[in-house]
Amino acid sequence: MNTSRVTTPFTADSTAAEVAAGVRLTGRRAIVTGASSGIGVETARALASAGAEVTLAVRDIEAGEKTAEDIRATTGGGPVRVARLDLSDQDSVAAFVTTWNDPLDILINNAGVAAVPEARTQEGWELHFATNHLGHFALATGLHSALAAAGRARVVSLSSNAHLQAPMVFDDIGFLKRPYDRMLAYGESKTATALFAVEAHRRWAGDGITVNAANPGSVITNLGRHLTDEDMAHLPDYDYTTPEQGAATSVLLATWPPLDGVGGRYFEYCNEALPFTPDELTRGVAAHALDPEAAARLWQVSLDMLAAAGR
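This section reports on the structure supplied with the text. Nothing here was measured: the structure is a model prediction, and the numbers come from that model.

### Overview of the overall build of the protein chain
Logical step 1: Broken down by element type, the protein chain carries 11 helices and 10 strands.
Logical step 2: Taken against the 2.2 N^0.38 rule, which gives 19 Å for 311 residues, the C-alpha radius of gyration of the protein chain at 18 Å falls within 12% of a compact globule.
Logical step 3: Principal-axis analysis of the C-alpha atoms places the extent of the protein chain at approximately 50 × 45 × 45 Å.
Logical step 4: Evaluated residue by residue, the protein chain yields a buried proportion of 54% over its 311 residues.

Spelled out as structure tokens, the structure:
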């Protein structure tokens, strides 16, 4: 297996449209979660522009339909559909999976919540972990047969540099023993999404499914609506990018031909990330987000949590 670092012709300044230029996705189906705002919109737009049949999986159908109309008007590409999906609600995830009957070429686990005050789902799960990881875990595993049926399918799991200081705390995933920390809860959920890519690729590569994690970089979107001025003051000095640039890494992982079969990795700014070092606080990937033992453990924990909830 080739383990050398993957580099591409693209950079932090590249846009999703530039990455998708020359790619032809006619006849291929894609799902983008959280595609009614932020980088999800630009991810879906780039895929549609390349000819893919794109489903916007969103909580707010009205907002999704407006986004779909805008994408159709600006691309003239493949069909754009809208379907309801609330990742914090396992009944909603199950309903979405049940109604999907086609092979699936691209799944982009883009949706998420960040820095929300303490909240729990009906199962008692902490909201960041339940939405960002468990919802997407149930979605992806539920769609596994559709991905396998497509052949050469791609799954993109969005992480964040918030993972850097937040390894998984397996004996207290739900913040039942520790004081609740919304920034740490978000960071741990994004470590989980990176670990998902590691274990999913290990399990599914034999089915022709390539899975990678993407850090879109620092983008001002609706995701940050819960951040206070104090929160912002304590964040590192990020180089902020546009939604079009933030979507580029997801589109790269979903479409770039040389990545066929190259998975279980973490990308940022359209290239495989370098290992994190303390002198660069806003880039890199932490070892705990690529740990195969932690990834395997998280997969089993996730299955157990879903099973205990009757899922």
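### With respect to the environment of Gly51
Logical step 1: On the secondary structure map, Gly51 appears in the loop between helix H2 (38-49) and strand E2 (53-58).
Logical step 2: Along the primary structure Gly51 and Trp100 are separated by 49 residues, whereas in three dimensions their C-alpha atoms are 20 Å apart.
Logical step 3: Beyond its immediate stretch of four places on either side in the chain, Gly51 contacts Leu25, Thr26, Gly27 and Gly78.

### Here we look at the sheet that holds strand E9 (residues 266-268)
Paired through backbone hydrogen bonds, the strands of a sheet run either parallel or antiparallel to each other.
Logical step 1: Here we have eight strands laid out as an open sheet, ordered E3-E2-E1-E4-E5-E6-E9-E10, and mixed in their pairing. The open sheet has two edge strands with one neighbour each: strand E3 (80-84) and strand E10 (271-272).
Logical step 2: As defined by bridge partners, strand E1 (residues 29-33) adjoins E2 across five bridges and the pair is classed as parallel. By the bridge assignment, Val32 is partnered in E2 with Leu56.
Logical step 3: Set on the sheet, helix H3 (residues 61-75) makes contact with E2 and E3; between it and E3 the angle comes to about 170°.

### A few points about unusual backbone geometry
Logical step 1: For Phe175, which is not glycine, the phi torsion reads 55° and is therefore positive.
Logical step 2: In this structure, Phe175 sits in the loop between strand E5 (153-158) and helix H7 (182-204).
Logical step 3: One non-glycine residue, Tyr269, lies in positive phi territory at about 50°.
Logical step 4: Position of Tyr269 relative to the elements: it lies in the loop between E9 and E10.
Logical step 5: Assessed through its relative accessible area of 10%, Tyr269 is described here as buried.

### Quick look at helix H10 (residues 248-255)
Logical step 1: A large share of H10 lies buried, amounting to eight of its eight residues.
Logical step 2: Looking at H10, one finds that the buried residues are Ala248, Thr249, Ser250, Val251, Leu252, Leu253, Ala254 and Thr255.

### Quick notes on the pattern of salt bridges
Pairing between side chains of opposite charge can happen when their charged atoms approach one another.
Logical step 1: Taken as a whole and assessed by the stated rule, the structure comprises 17 salt bridges.
Logical step 2: The partner of Arg45 in a salt bridge is Glu42, with the nearest N and O atoms 3.0 Å apart. With Arg45 and Glu42 both in helix H2 and three residues apart, this pair spans about one turn of that helix.
Logical step 3: Of the charged contacts in the structure, one is a salt bridge between Arg203 and Glu199, with a shortest N-O distance of 2.9 Å.

The rules behind each value
In this numbering scheme, every chain counts its residues from 1 along its sequence in written order. Local features in this predicted model are restricted to residues whose pLDDT is 70 or higher, and side-chain atom pairs enter the listing and the counts only when it is 80 or higher, whereas totals over whole chains, interfaces and linings include all residues. Only hydrogens and water are removed before side-chain values are computed, so all heavy atoms of the structure are retained for them. The helix and strand labels rest on DSSP assignments: H or I over at least four residues marks a helix, E over at least two residues marks a strand, and numbering proceeds from the N terminus. Radius of gyration means the value over C-alpha atoms here, while the globule rule gives 2.2 Å times the residue count to the 0.38 power. For the exposure calls, accessible area comes from a 1.4 Å probe over protein chains only, and a residue counts as buried if that area is under 20% of its type's maximum, exposed if over 50%, partly exposed in between. In this analysis, two residues are considered to be in contact whenever any of their non-hydrogen atoms come within 4.5 Å of each other. Here, any two strands with at least 2 DSSP bridges between them count as paired. Geometry is summarised by axes, namely lines fitted to C-alpha atoms with helices restricted to the contacting stretch, and by angles between N-to-C directions that run from 0 to 180 degrees. In what follows, salt bridge is the name for a side-chain nitrogen of Lys or Arg lying within 4 Å of a carboxyl oxygen of Asp or Glu.

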